[in-house]
Amino acid sequence: MENQKKNPISGAEAIIRCLLEEGVELIYGYPGGAIMPIYDELYKYSDNLTHILTRHEQGATHSAQGYARTSGKVGVAMATSGPGATNLVTGIADAQIDSTPMVCITGQVASHLLGSDAFQETDIIGISTPVTKWNYQITKASEIPEIMAKAFYIARSGRPGPVLIDITKDAQFELFDFSYEKCKGVRSYVPLPSLDTKQVTAAAELINKAKRPMIIWGQGVILGKAEEEFKAFVETSGIPAVWTILGLSALPTKHPLNFGMVGMHGNYGPNVLTNACDVLIAVGMRFDDRVTGNLETYAKQATVVHLEIDPAEISKNVKAHFPVLGSCKESLPQLTRLVKHQEYADWKQLFADHMAIEIKEVINGDTLPTKEGLTMGEVIVGINKCTKGDAVIVTDVGQHQMIACRYAEFVRSKSNVTSGGLGTMGFALPAAIGAKMGAPDREVVAIIGDGGYQMTIQELGTIFQNKTAVKIVVLNNDYLGMVRQWQQLFFDKRYASTEMTNPDFVTIAKGYHIDAQRVSKREDLDQAIETMIASDKPYFLEVCVEKEANVFPMIPTGASVSDIRLK
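The structure displayed is predicted, hence computed values, not measured ones. (Residues numbered from 1 in each chain as written. Predicted model: local features only at pLDDT ≥ 70, side-chain atom pairs only at ≥ 80, totals over all residues. Heavy atoms only, no water.)

**Student:** Let's hear about the nonpolar core: which residues, and what values?
**Tutor:** By size, the foremost hydrophobic cluster in this structure holds 95 residues, and its most contacted members are Phe230, Leu280 and Val283. With near-sequence residues (within four places) excluded, valine 283 lies in contact with Ile215, Ile216, Trp217, Gly218, Val221, Phe230, Leu307, Cys328 and Leu332. The next biggest cluster of nonpolar side chains, apart from the first, holds 47 residues, and it includes Ala95, Ile457, Val470 and Ala509. (Core = buried A, V, L, I, M, F, W, Y, C linked by side-chain atoms within 4.5 Å. Buried < 20%, exposed > 50% of the residue type's maximum accessible area, 1.4 Å probe, protein only. Contact = heavy atoms within 4.5 Å.)

Right, dumping it as structure tokens:
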């Protein structure tokens, strides 16, 4: 815009000005030689823009993810060239598969050195192409406003995802006349498909005739900000609804039509009855292999209605007989107006019957004090009691993740932050930092295994420096628990490289001036959790749990959802 033009500014300052124009408040990053000009300008704008110095570039991306997931805004991460840039890749890949809006900015060697194997030169554009929604290398300062505007538009629009912008050092120093205009569209990119009302009408007619319909919802409901529209659809139709891990919390856990989790460690009824329903209504989910099990035997009897924003997901894994392209925030109200409420009493009773079996065979053992050692489930139940289901629960990857997703209770959306598609160990600790900064008024509890915790344990330094009041719970079984479970069940108990000799986690936390406690006895657990939740500062709680406990139910790899095991 013309009134923005002033004396020429550097490309580095332009980057900061672009971030402010996009409403960015927080950046997570780590400085270095090739991005130093941008950091120098950031220093001058410190009153307007907060930079969080993480202890590793991967931590910056996971923090940006956590921030995006709880705030609903675009997360921003920044790093230098070479190893700084490559250290971002795991978090970028995680954001890509979990559809998290994120913009990553990397420094690069000067443009005349590109391709010369200069110090800390790496082709981050080539490396990141498979795991970004879009990426671009800037070599001229004049490109910055347009490219940055496009980056934020692409990251947040349609199905969200990560964008990487690489900027050569000379472009950061170069002067130009700055003006900024937000991006409103990109040629050939259609983030929001037009809704086909005929498909909606046809889907409604099918649903109204169904005798055993089932809804599976995913994170698309949350990303589309369609929680209220989804709840209205579920309540109006009366149809049992079940969720994927990333969809968890879009509908309150105790809602009478919330029948639990599908997938490898999901609930017994939702998995078995997937192969008994006559109409399967998928809302904002992608039929991941951990949900479907063996595709050759998945819901073959059902007619599939798929509400989805990304055309690439339609019939990719499971054939959609009635695809409804578009944002579910738009399609759900239209569908709701056309569906008729039915009770489905006999069908719901089947879910109740299967849940009764699961309670007896699995849930009581997981959550009640029936075993000699403490269980992971008991810890989650204790946290539920203290938080009343209103906390943000951030989980790492492994047994604790599955237990937390199975038993954590939620009363509002954007409360479950986990690494779903990529399954990134080390995700939870830095993601909890971002989650807390994205939702500062909410309690944020990170549930982590002893293995994943040590992958990013250095981010305790970020917590200490910023006084971020996250609550960290490490469920310690001295094993890489999920791998050990598979070794027990499928590799004749050959525990190859899964037993861990762990350090004194409490002493390490105290070394970062974080209040800490260890619990190994059941009688101490409730008080320890209450003390942790009551604290207004960061807090670390280590709970020593059963060493060789397994997570059930479980669908073995390659098996049908009907073949889910209870033990």
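**Student:** Kindly report on the packing of aromatic side chains, identifying the contributing residues and their values.
**Tutor:** If you walk through the whole model with that rule in mind, you get 13 aromatic pairs. Ring geometry for phenylalanine 259 and phenylalanine 351: centres 5.0 Å apart, planes at 55°, overall tilted. In this pair, phenylalanine 259 is assigned in strand β11 (residues 258-261) and phenylalanine 351 in helix α15 (residues 345-367), connecting sequence segments 92 residues apart. Given the relative accessible area of 3%, phenylalanine 351 is considered buried. Ring centres 5.5 Å apart and planes at 75° place the aromatic pair tyrosine 453 and phenylalanine 505 in the edge-to-face group. (Phe/Tyr/Trp six-rings, centres within 6.5 Å; stacked < 30°, edge-to-face > 60°. Helix = DSSP H or I, 4+ residues; strand = E, 2+ residues; numbered from the N terminus.)

**Student:** So what's going on with the packing of helix α3 (residues 57-71) against helix α18 (residues 428-438)? Which residues, and what values?
**Tutor:** Helix-helix packing is characterised by the crossing angle of the two axes and by the distance between the axes. With their axes 6 Å apart at the nearest point, α3 and α18 run at an angle of 40° to one another. Once α3 is placed against α18, the crossing between them reads as right-handed. Across the interface between the two elements, Gly59, His62, Ser63, Gly66, Tyr67, Thr70 and Ser71 of α3 pack against Pro430, Ala431, Ile433, Gly434, Ala435, Met437 and Gly438 of α18. Grouping the constituent residues of the contact of α3 with α18 by class yields 6 nonpolar, 8 polar and no charged. (Axes fitted to C-alpha atoms, helices over the stretch in contact; angles between N-to-C directions. Left-handed = near helix turned anticlockwise from the far one by under 90°. Nonpolar A, V, L, I, M, F, W, Y, C, P; charged D, E, K, R; others polar.)

**Student:** Hey, could you go over the domain arrangement of the protein chain for me, with residue numbers and the actual values?
**Tutor:** Along its sequence, the protein chain is carved into domain 1 (2-176), domain 2 (197-351) and domain 3 (372-544). Of the residues lining the interface, 17 residues belong to domain 2; the matching set on domain 3 comes to 18 residues. Carbon and sulfur atoms make up 60% of the surface buried where domain 2 meets domain 3, a total of about 1,500 Å² over both sides. Taken as a group, Ile245, Ser249 and His265 account for 37% of the area that domain 2 buries against domain 3, more than any other trio of residues on that side. In this assembly, domain 2 and domain 3 are joined by 1 salt bridge. Between lysine 254 and glutamate 409 there is a salt bridge, with the nearest N and O atoms lying 3.7 Å from each other. (Domains from an automatic or database assignment. Buried area = accessible area lost by both parts, 1.4 Å probe. Salt bridge = Lys/Arg side-chain N within 4 Å of Asp/Glu carboxyl O.)

**Student:** Explain the state of the cysteines to me, and be specific about the residues and the numbers.
**Tutor:** Within this structure, the stated rule accounts for 0 disulfides. No disulfide involves cysteine 18; its sulfur sits 12 Å from that of cysteine 183, the nearest cysteine. Summary of cysteine pairing: cysteine 104 is not part of a disulfide, and the nearest cysteine sulfur, belonging to cysteine 18, is at 16 Å. (Disulfide = S-S within 2.5 Å.)

**Student:** Kindly report on the sheet that holds strand β9 (residues 213-217), identifying the contributing residues and their values.
**Tutor:** Overall, parallel pairing links the 6 strands, which are arranged β11-β10-β9-β12-β13-β14 in an open sheet. Each edge of the sheet is formed by a strand with only one pairing partner; in this case those strands are β11 and β14 (322-325). Neighbouring strand axes in the sheet, compared pairwise and without regard to direction, differ in orientation by 20° on average. (Pairing = 2+ DSSP bridges.)

**Student:** Before we move on, could you go through the environment of alanine 528 and cite the residues and values that matter?
**Tutor:** Positionally, alanine 528 belongs in helix α23 (residues 522-534). Placed 80 residues apart in sequence, alanine 528 and isoleucine 448 show a C-alpha to C-alpha distance of 17 Å. Among all residues touching alanine 528, those that are not within four sequence positions of it are Gln517, Val519 and Leu541.

**Student:** Before we move on, could you go through empty space enclosed by the protein and cite the residues and values that matter?
**Tutor:** A complete count under the given rule lists 1 cavity of 30 Å³ or more for this structure. For the largest cavity, the calculated volume is near 130 Å³. Lining the largest cavity are 14 residues, and of these Thr375, Met376, Ile403, Ala549 and Asn550 lie nearest its centre. Among the elements of the structure, α16 (376-387) and α17 (399-407) are those that each provide at least two residues to the lining of the largest cavity. For the lining of the largest cavity, a count of residues per class yields 6 nonpolar, 5 polar and 3 charged. (1 Å grid on protein atoms, 1.4 Å probe; cavity = no way out; pocket = protein on both sides within 12 Å on 5 of 7 lines; lining within 4 Å. Points joined across faces, edges and corners; volume = space filled by probe spheres on them.)

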